[in-house]
Amino acid sequence: MTSADIRVLVVEDDPVAAAAHALYVGRVPGFTVSGTVHSGAGARRHLETHAVDLLLLDLYLPDGHGLALVRTLRAAGHTADIIAVTSARDLTMVREGVSLGVVQYVLKPFTFATLRDRLTRYAHFRATTGEASGQDEVDRALAALRAPQPAALPKGLTAATLRAVTDVLRAAGDGLTATEAAADVGISRITARRYLEHLVVSGRAARAPQYGQVGRPELRYRWSGH
């Protein structure tokens, strides 16, 4: 840790998820974990004795909603920024969070790469200082918080089918073959393999030969999450 590091408090009720999120934060240069707590009360106690720059905040806590915690913290004079972590997709809640100073939302489950991108963008935004020379500079500062547009898919692949293949792969704890994915999604084996290979290339899946059957081994794909 250096004096310039951004100090992060992880607020997450699930101990396993909290440990994973803290591990992710610790892997991003320029960030350090100030602590890990599992409730709103734990967050308030931590903030009484520790300086924190950023909360990685689960919105569903055992002792209340995360946004209610943010309101309490603001009323008490705490100015730490908030990155909300949630499985909720309620855009009304998103708008409310923005009004309370939530600078980013990360939807569960997320990969290390996703969180690293959000933290890096936050760090760039936070590092913006001085007086803007004009509208363009203000726009650039705010743009640092926005995620880039998704990269275009390879020719012949569609977002809807990619989501379907991704969903069945993530649900398959032991992984699946292109043949199994094709049957689950309702597409051809060749098409399923194209989507699975795209997930491998983009770092979201891994593949390995499946032995033990007569003939050439078939590739088995597993969701890697990063």
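If you're wondering where the values come from, they're calculated on a predicted model, not measured in any experiment.

About the thresholds
Residues numbered from 1 in each chain as written. Predicted model: local features only at pLDDT ≥ 70, side-chain atom pairs only at ≥ 80, totals over all residues. Heavy atoms only, no water. Helix = DSSP H or I, 4+ residues; strand = E, 2+ residues; numbered from the N terminus. Buried < 20%, exposed > 50% of the residue type's maximum accessible area, 1.4 Å probe, protein only. Contact = heavy atoms within 4.5 Å. Areas by Shrake-Rupley, 256 points an atom, 1.4 Å probe, with all protein chains shown as cover. Pairing = 2+ DSSP bridges. Right-handed = clockwise from strand over helix to strand, strands pointing away. Axes fitted to C-alpha atoms, helices over the stretch in contact; angles between N-to-C directions. Core = buried A, V, L, I, M, F, W, Y, C linked by side-chain atoms within 4.5 Å. Salt bridge = Lys/Arg side-chain N within 4 Å of Asp/Glu carboxyl O. Polar contact = N/O pair within 3.5 Å; in protein donor to acceptor, adjacent residues only side chain to side chain.

1. A look at the overall build of the protein chain
Argument step 1. Per the secondary structure count, the protein chain includes 9 helices and 10 strands.
Argument step 2. For the protein chain, buried positions account for 39% of its 226 residues.
Argument step 3. If you take every contact in the protein chain between residues at least 6 apart in sequence, the share linking residues at least 24 apart comes to 58%.
Argument step 4. Counting every atom, the protein chain has about 12600 Å² of accessible surface; 54% of that belongs to carbon and sulfur.

2. Observations regarding the pairing of strand β1 (residues 6-11)
Argument step 1. Among the 6 residues of β1, 5 are classified as buried, and the element is accordingly described as predominantly covered.
Argument step 2. Pairing geometry for β1 and strand β2 (residues 31-37), over 6 bridges, is parallel. Residue pairing in the sheet places Leu9 in a bridge with Gly35 of β2.
Argument step 3. In terms of handedness, the path from β1 via helix α1 (residues 15-26) over to β2 forms a crossover that is right-handed.
Argument step 4. Pairing of β1 with strand β3 (residues 54-58), which is carried by 4 bridges, proceeds in the parallel orientation. Along β3, the bridge assignment pairs Val10 with Leu56.

3. A word on the sheet that holds β3
Each strand in a sheet pairs with its neighbour through backbone hydrogen bonds, running either in the same direction (parallel) or in the opposite one (antiparallel).
Argument step 1. Taken together, 5 strands build an open sheet; the order of strands is β2-β1-β3-β6-β7 and the sheet is parallel. In the strand order of this sheet, the two ends are held by β2 and β7 (102-107), each with one partner. On average, adjacent strands in this sheet sit at an angle of 20° to one another, irrespective of strand direction.
Argument step 2. In the sheet, β3 pairs with strand β6 (residues 81-86) via 5 bridges, with the strands oriented parallel. Bridging across to β6, Leu56 finds its partner in Ile83.
Argument step 3. Relative to β2, α1 is tilted by about 165°, and along the sheet it contacts β1, β2, β3 and β6.
Argument step 4. Sheet strands in contact with helix α3 (residues 66-75) are β3, β6 and β7, and its direction is about 150° off that of β3.

4. A word on the nonpolar core
Argument step 1. Ranked by size, the top nonpolar core spans 21 residues in total, and within it Leu9, Val11, Leu55, Leu57, Leu59 and Leu67 carry the most contacts.
Argument step 2. When contributions to this core are tallied by element, the ones reaching two or more residues are β1, α2 (40-49), β3, α3, β6 and β7.
Argument step 3. Per-element accounting of this core gives the leading share, 4 residues, to α3.
Argument step 4. Residues contacting Val11, with those up to four places away along its chain left out, are Val37, Ser39, Ala43, Leu55, Leu56, Leu57, Asp58 and Leu61.

5. Re the pattern of salt bridges
Argument step 1. Taken as a whole, this structure holds 8 salt bridges when the rule is applied.
Argument step 2. With a closest N to O distance of 2.9 Å, Lys108 and Glu12 form a salt bridge. Taken together, the residues span a long stretch of sequence, with Lys108 in the loop between β7 and α5 (112-126) and Glu12 in the loop between β1 and α1 at a distance of 96 residues.
Argument step 3. Lys108 gets classed as partly exposed once you look at its relative accessible area, which sits at 22%.
Argument step 4. Between Glu197 and Arg207 there is a salt bridge, and its shortest N-O distance comes to 2.7 Å. Of this pair, Glu197 sits in helix α9 (residues 189-201) while Arg207 sits in strand β9 (residues 205-210), and the two are 10 residues apart along the sequence.
Argument step 5. Linked through salt bridges whose partners overlap, the residues forming this network are Arg7, Asp53 and Arg126.

6. Looking at the side chain of Asp58
Argument step 1. By the secondary structure assignment, Asp58 is in strand β3.
Argument step 2. A distance of 3.4 Å separates the side chain of Asp58 from the backbone nitrogen of Tyr60, its partner in a polar contact.
Argument step 3. A polar side-chain atom of Asp58 sits 3.4 Å from a polar atom in the side chain of Lys108.
Argument step 4. Apart from residues lying up to four places away in sequence, Asp58 is in contact with Val11, Glu12, Asp13, Gly66, Val85 and Lys108.

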